[in-house]
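Each chain, letter by letter, is given below.
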Amino acid sequence: MREAGRKGLGVFALRPFRKGEFIFRRRHGRIVANAKIPSLTREDRRHLCELDYRRSAVLLAPGCYLNHSCEPNAMRAGVKVFAWKRIRAGEEITIDYRLNAFRGDRWKCSCRSASCTGEIVGDFFSLAAQQQRDYLPFAPRFIRLEYRRRSAN
């Protein structure tokens, strides 16, 4: 972990990773009911990962410092983080926060990728249809079920 500019801390590769290679496991300190999120500290709210429609996990370091990118180089599947594309030593490891999001929260995006609109809409279903299909194998079960339900209609 080290400074990642205006994003705060970030996670950086100490060595290169091939596409599909396992990078590390994210850990969480506790699971909270989504209804209790407003009572969490600001810091804990910054490091949440939705588990399903009712629960979220408060992530621990270093995984809580994986920053968002609209063009991520890593993907998570459950707690495991894999290289989505080749990652060079020294490169920041980024994920797409929209993979497991559903509440539609909006916040400023600082990724500066070519496809970045400057705003993150925290909702898997706000992604373009092709991006949803690409991400679907990595999405948590509750998102995959909702995707199938919407696709059937």
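Source: prediction; values computed, not measured.

Caption draft 1: Summary view of the environment of arginine 150. Mapped onto the elements of the fold, arginine 150 is located in helix α3 (residues 141–152). For arginine 150, a relative accessible area of 42% puts it in the partly exposed group. Each C-alpha atom, one on arginine 150 and one on proline 140, is 16 Å from the other, the two residues being ten residues apart in sequence.

Caption draft 2: Just the packing of aromatic side chains, in detail. Evaluated as defined, the whole model comprises seven aromatic pairs. Ring geometry for tryptophan 84 versus tyrosine 135: centroids 5.7 Å apart, planes at 80°, classification edge-to-face. With a gap of 51 residues between them, tryptophan 84 in the loop between β9 (80–83) and β10 (92–95) and tyrosine 135 in helix α2 (residues 129–135) connect regions that are remote in the sequence. Among the residues examined, tyrosine 135 registers a relative accessible area of 2% and is labelled buried. For the pair phenylalanine 124 and phenylalanine 125, a centre-to-centre distance of 5.1 Å together with 80° between the ring planes defines the contact as edge-to-face.

Caption draft 3: Layout of the state of the cysteines. Per the stated rule, a full pass over the model turns up zero disulfides. Cysteine 70 takes part in no disulfide bond, and the closest cysteine sulfur to it belongs to cysteine 111, at a distance of 3.8 Å. Summary of cysteine pairing: cysteine 116 is not part of a disulfide, and the nearest cysteine sulfur, belonging to cysteine 109, is at 3.5 Å.

Caption draft 4: Highlighting the sheet that holds strand β2 (residues 9–12). Pairing is mixed across the open sheet formed by four strands, whose spatial order is β1-β2-β10-β7. Because the sheet does not close on itself, it has two edges, and the strands there are β1 (2–3) and β7 (67–68). Inspection of the sheet shows β1 paired to β2 by two bridges, in the antiparallel sense. Bridge pairing links glutamate 3 to leucine 9 in β2.

Cut-offs and rules
- Residues numbered from 1 in each chain as written.
- Predicted model: local features only at pLDDT ≥ 70, side-chain atom pairs only at ≥ 80, totals over all residues.
- Heavy atoms only, no water.
- Helix = DSSP H or I, 4+ residues; strand = E, 2+ residues; numbered from the N terminus.
- Buried < 20%, exposed > 50% of the residue type's maximum accessible area, 1.4 Å probe, protein only.
- Phe/Tyr/Trp six-rings, centres within 6.5 Å; stacked < 30°, edge-to-face > 60°.
- Disulfide = S-S within 2.5 Å.
- Pairing = 2+ DSSP bridges.

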